[in-house]
Amino acid sequence: MKTVVITGASSGIGLEISRLLARKGFNVLGVGRSEANCRRAEEMILSGNANAKFTCYVADLMQQREVVKVADEILSYLDGNCNGELHALINNAGCVRSWYMTTEEGYEQQFALNHLAGFLLTYKLLPALKKARGRVIMTGSQSHKGIRIHWNDVMLRRRYNPLTAYKQSKLCNILFAKGLNDRYASAGIRAYVVDPGLVNTDIGNKETGALVNFIWSLRKRHGVSPEIPAKTYAFLCEQEPTPEGLYYYLCKEKSYSRQVTAENANRLFGLSERLCGIHYGEVQSL
Amino acid sequence: MNVMITGAAGGLGRAFADECGSRGYNLFLTDINDDGLQCIKRGLERQFNITVVTKACDLTNAESVDNMLDFIDRHEIRFDMLLNVAGLDYEGDFIGRERENLVKIVLLNNAATLRITHAVLKRRIPGRNFTIVFVSSLASMFPMPLKATYAASKRFLLDFATSLRQELKDENVNVLTLCPGGMVTTQAAMSGIRAQGFWGNATTSPLETVARNTIDRALAGKSVYVPGKLNQALAFLGKVIPRSWVAAVVYWRWKEVSGRGLIS
């Protein structure tokens, strides 16, 4: 039985991916922020399917110490039950903010959750991914286009615009995936980004101000059901031979921003490594 | 530049730490929450090339403060700036609050602030300019029924700071009082602001901008900083309208907000 880890699994897109992969026979380990939502997600998925395997860990991945804590819990589970192998890691947890708000480390929250949390969690779970020649999938967004990384002020402290921060964090997802492939494709690990499209979830209604809340409430009505993008994640988890693309929409490769270069990916790796206090391996020349 | 920040592990204190870090200032951070201090220290050192020293301390406890001062003296740390951020509030009607919680407001917002200000003023770097910031509140401008103790404690800071500023003018010390409206510092603060509807949003200022402007103004020798044009207008009204009228309006307003069941 293949094991997958999905963050942001207790609601929205993550919940649907978990449901779908559990139905397809994966052993699914979810991570959610609220205990109540995690238990509810477990009940929803397990009650519909007696054979499903789904456990939801509670962690606020915005805070680095919680990422480290849950990663250790997952690793010891994998060692005990899965021969230390992780088939796929889906870094899906994300948020939208209306104001400049910071984590315990003083990092801007959208950057910290949408990018750094996945960056650190992937690093922690790397041994298990290597063992299974696993796949890493990020939840991206079409909004990553038409923007650059603000290298001089990556947290946008000087002139905070919530939408810019969101878009930039989604560009970081693709740069991270590219950087991972540059480093670990030779070790059998592949990284992808999924564009879920406009999906009817509550992302813009959680801890946002009146304006973002209102706009998102109108906008999400035009979104598709989370079941639609979930299929693309399942495709990337299951497809053999291993897909070679980077950015996927509706199970097909899609073009991405020209900002996605090896130079930018390396620069983001250097910066993120410093902000997480870790060090990935060097780029492998293929 | 060596800066001490109290209440540095969360909200405005953390925003100040971040702002000072980006300016390359060395930091001495204190808070009651040691885990939080360790996290922000890590975050700052990874982002900026500065020295960050932390010491957990309960500022309402004289012994705890003495321990911290011993630590400071042992390491011969001296300061150019003090940002008095630590403070707290328990909202709601006076009679309905826990007695000791009410006293705690004054113990931290006032007594502890005096204690630390006195101690740090004695630990200035000789011959250099010194800057103190007191974090008061827009609430200091009005009598505020249902936030009576808090508003009065913030008024204490405003008046005290104004006097201290005069006393220390000839010693190259500048004292600035920050009187912000709402700021999105925590989830609780955000729900509070949302509960107030339009006025909540209109009187809210971006945290990172307030932090930046406060340091700029304090260094430029300004005395009071009220962020936001609307807040400045409200502060002005607080000075010209009879205080009993203000109290009546504020009471009606806060009662309505808490009546929606959104503020305890």
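Residues numbered from 1 in each chain as written. Chains lettered and ligands numbered in written order. Predicted model: local features only at pLDDT ≥ 70, side-chain atom pairs only at ≥ 80, totals over all residues.

Asks: Can you tell me about the overall build of chain B, naming the residues and giving the values?
Replies: A count of helical and extended segments in chain B gives ten helices and seven strands. Against the compact-globule benchmark of 18 Å for 264 residues, chain B has a radius of gyration of 18 Å, which places it among compact chains. Principal-axis analysis of the C-alpha atoms gives chain B an extent of 50 × 40 × 35 Å. Going through the 264 residues of chain B one by one, you find that 39% of them count as buried. Expressed as a percentage of contacts within chain B between residues at least 6 apart in sequence, the contacts between residues at least 24 apart total 67%. (Helix = DSSP H or I, 4+ residues; strand = E, 2+ residues; numbered from the N terminus. Rg over C-alpha atoms; globule rule 2.2 N^0.38 Å. Buried ≥ 20, exposed ≤ 12 C-beta atoms within 10 Å, placed from the backbone. Contact = placed C-beta atoms within 7 Å.)

Asks: Give me the lowdown on the overall build of chain A, citing residues and values where you can.
Replies: What chain A contains, in helices and strands, is eight helices and eight strands. Dimensions of chain A, computed from C-alpha atoms along their principal axes, come out at roughly 50 × 45 × 35 Å. Every one of the 286 residues in chain A was classed for burial, and the buried ones make up 50%. Restricting the contact set of chain A to residue pairs at least 6 apart, pairs at least 24 apart contribute 72%.

Asks: I'd like a rundown of the sheet that holds strand E5 (residues 135-139) of chain A, residues and numbers included.
Replies: One open sheet holds the eight strands; their spatial order is E3-E2-E1-E4-E5-E6-E7-E8 (chain A), and the pairing between them is mixed. Two strands close off the open sheet at either side, each with one partner strand: strand E3 (53-58) and strand E8 (252-253) of chain A. (Pairing = 2+ DSSP bridges.)

Asks: Lay out the interface of chain A and chain B with the relevant residues and their values.
Replies: Contacts between chain A and chain B engage 17 residues on the former and 20 residues on the latter. Considering only residue class, the side of chain A that touches chain B consists of seven nonpolar, four polar and six charged. (Nonpolar A, V, L, I, M, F, W, Y, C, P; charged D, E, K, R; others polar.)

Asks: Go over the packing of helix H4 (residues 109-132) of chain A against helix H8 (residues 262-276) of chain A with me, naming the residues and quoting the values.
Replies: Packed helices, taken two at a time, are described by the angle their axes make and the gap between the axes. All names here are of chain A. In the contact formed by H4 and H8, the axes pass within 10 Å of each other and the chain directions differ by 80°. As the angle between them shows, H4 and H8 are arranged roughly perpendicular. Between H4 and H8, the residues in contact are Leu-116, Phe-119 and Leu-120 and Ser-272, Leu-275 and Cys-276, respectively. Partitioning the contact of H4 with H8 into residue classes produces five nonpolar, one polar and no charged. (Axes fitted to C-alpha atoms, helices over the stretch in contact; angles between N-to-C directions. Parallel < 35°, antiparallel > 145°, perpendicular 65-115°, else oblique.)

Asks: Can you tell me about the packing of helix H5 (residues 162-184) of chain A against H8(A), naming the residues and giving the values?
Replies: All names here are of chain A. Axis separation between H5 and H8 bottoms out at 8 Å; the angle between their running directions is 95°. Between H5 and H8, the angle is such that the two are roughly perpendicular. Of the residues in H8, those in contact with Cys-172, Leu-175, Phe-176, Lys-178, Gly-179 and Asp-182 of H5 are Ala-262, Asn-264, Ala-265, Asn-266, Leu-268 and Phe-269.

Asks: Account for the environment of Gly87(B), with residues named and values stated.
Replies: Along the chain, Gly87(B) turns up in the loop between strand E4 (81-84) and helix H4 (99-121). C-alpha separation for the pair Gly87(B) and Thr113(B), spaced 26 residues apart in sequence, amounts to 8.6 Å.

Asks: Run through the environment of Thr7(A), naming residues and quoting values.
Replies: Residue and element names in this part refer to chain A. Assignment of secondary structure puts Thr-7 in strand E1 (residues 3-7). Residue Thr-7 is classed as buried on the basis of its C-beta count, with 27 C-beta atoms lying within 10 Å. Ignoring anything within four residues of it in the chain, the contact list for Thr-7 reads Gly-14, Val-31, Leu-61, Ile-90, Asn-91, Asn-92, Ala-93 and Leu-121.

Interpretation in functional terms is not warranted from these geometric data alone.
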